[in-house]
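Spelled out from the first residue to the last, the chains are:
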Amino acid sequence: MTADPHGGAPAEHWLPATTHGRYLLEVPEGPGPFPLLMGFHGYGEAAEDLLAELRRIPGAEGWALCVVEALHRFYNRRQQTVVASWMTRRGRDQGIRDNIAYVGAVAARVREAVPVTGATVFAGFSQGGAMACRAAALLECPCGGLILLGSDVPRELPGEGLRRAAPVLLGRGDRDSWYTEEKMAADLRLLESLGVEAEEQVFAGGHEWTDAFRNACAAYLSQRC
């Protein structure tokens, strides 16, 4: 990319590149088949962080758990651990396409490797919630539910795709300063306008997983086994 000799902005170009993504898969003992819960972590987290939360959902030991790690890895400066994020404002459209293709490849590989019963339930926390929504609405694999915690719903998704996941479990902590009461209300209005049924779950806490929300997830998942 070269600068404009007359002092203008340089021409911007985008080029597709290949990178390796990472996911964690935990399968119960026995021949199966098993229901599948696929999760997406938040900004600055790793796949291990979300897997630890999903394991704590009552009844999760009976599910195959797959957590997809975002492609954009970086160091947590305080702890020097490797964490990741899903995308930034720059290259958002390209990032969405890359992420959908990546998650679709993971879903296909997991369903080939694991005896899965029924449709996949997708779960996302914080920034990962948008990816969970896109996976539920846009992937070709069957979708059996959608769990969102502290995450808003992307505005561009088709109602037809999201209706496959209905009812959506939408949760927030009552002290969450990022995913506010106003944001949740806007999401509930959006889902209603798209004809997507939603279950609202507000619990005591902040931008975090709590036992109260994990119990709500357990009740939700028990209806989708």
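Located above this text is the structure these notes cover.
On a predicted model such as this, the values are computed, not experimentally measured, just so you know. (Residues numbered from 1 in each chain as written. Predicted model: local features only at pLDDT ≥ 70, side-chain atom pairs only at ≥ 80, totals over all residues. Heavy atoms only, no water.)

Comments concerning the environment of L25
Thought 1: Considering the arrangement of structural elements, one finds L25 in strand β1 (residues 22-26).
Thought 2: For L25, a relative accessible area of 35% corresponds to the partly exposed category.
Thought 3: The spacing of L25 and V110 is 85 residues in sequence and 8.1 Å in space, taken between C-alpha atoms.
Thought 4: Beyond its immediate stretch of four places on either side in the chain, L25 contacts L65, C66, V110 and V114. (Helix = DSSP H or I, 4+ residues; strand = E, 2+ residues; numbered from the N terminus. Buried < 20%, exposed > 50% of the residue type's maximum accessible area, 1.4 Å probe, protein only. Contact = heavy atoms within 4.5 Å.)

Comments concerning the sheet that holds strand β7 (residues 143-149)
Thought 1: What the seven strands build is an open sheet, ordered β1-β3-β2-β6-β7-β8-β9; its pairing is mixed. Unpaired on one side and paired on the other, β1 and β9 (198-203) mark the two borders of the sheet. For this sheet, the mean angle separating the axes of adjacent strands, direction not counted, is 15°.
Thought 2: In the sheet, strand β6 (residues 120-125) pairs with β7 via six bridges, with the strands oriented parallel. Bridging across to β7, F125 finds its partner in L149.
Thought 3: Against the sheet, helix α1 (residues 47-55) touches β1, β2 (36-40) and β3 (64-69), its axis set at about 155° to β3. (Pairing = 2+ DSSP bridges. Axes fitted to C-alpha atoms, helices over the stretch in contact; angles between N-to-C directions.)

A short note on the nonpolar core
Thought 1: Core analysis: the largest hydrophobic core is formed by 43 residues, its most contacted members being M38, F40, V68, V103, F122 and L146.
Thought 2: Broken down by secondary-structure element, the contributors of at least two residues to this core are β2, β3, α2 (92-113), α3 (127-138), β7, β8 (168-173) and α5 (181-193).
Thought 3: Considering every element that reaches this core, the biggest residue donor is α2, with seven residues.
Thought 4: Excluding its chain neighbours within four sequence positions, the residues that come into contact with V68 are R22, Y23, M38, G39, F40, H41, W86, Y102, V103 and V106. (Core = buried A, V, L, I, M, F, W, Y, C linked by side-chain atoms within 4.5 Å.)

Observations concerning the packing of aromatic side chains
Thought 1: Enumeration according to the criterion identifies six aromatic pairs in this entry.
Thought 2: Residues F40 and F122 carry aromatic rings whose centres are separated by 6.4 Å and whose planes lie at 25° to one another, so their mutual orientation is stacked. Of this pair, F40 sits in strand β2 while F122 sits in strand β6; the two residues are 82 residues apart in sequence, bridging distant segments of the chain. Considered together, F40 and F122 belong to a single accessibility category, that of buried residues.
Thought 3: Taking the centre distance of 5.6 Å and the plane angle of 35° together, the rings of Y43 and F74 count as tilted. Here F74 lies in strand β4 (residues 72-75) and Y43 lies in the loop between β2 and α1, a separation of 31 residues in the sequence. (Phe/Tyr/Trp six-rings, centres within 6.5 Å; stacked < 30°, edge-to-face > 60°.)

Describing the environment of P16
Thought 1: Within the element layout of this structure, P16 appears in the segment before β1.
Thought 2: Considered as a pair, P16 and L138 are 122 residues apart in the sequence and their alpha carbons are 21 Å apart.

Focus: unusual backbone geometry
Thought 1: The amide bond that connects G32 to the next residue, P33, takes the cis arrangement and shows omega of 5°.
Thought 2: Along the chain, A166 connects to P167 via a cis peptide bond; the corresponding omega equals -5°.
Thought 3: For P167, the position within the fold is in the loop between α4 (159-163) and β8.
Thought 4: Of note, the phi angle at S126 is positive, near 55°, even though the residue is not glycine.
Thought 5: Following the sequence through the fold, S126 ends up in the loop between β6 and α3.

Examining the pattern of salt bridges
Thought 1: Applying the stated criterion across every chain, the model contains 10 salt bridges.
Thought 2: Taking the shortest distance from any N to any O, the salt bridge between E26 and R55 comes out at 2.6 Å. Placement of the pair is E26 in strand β1 and R55 in helix α1, with a sequence separation of 29 residues.
Thought 3: We classify E26 as partly exposed; its relative accessible area is 30%.
Thought 4: Look at R55 and you get partly exposed, because its relative accessible area is 46%.
Thought 5: Salt bridges here are not isolated pairs; linked through shared partners, they connect E53, R56, D211 and R214. (Salt bridge = Lys/Arg side-chain N within 4 Å of Asp/Glu carboxyl O.)

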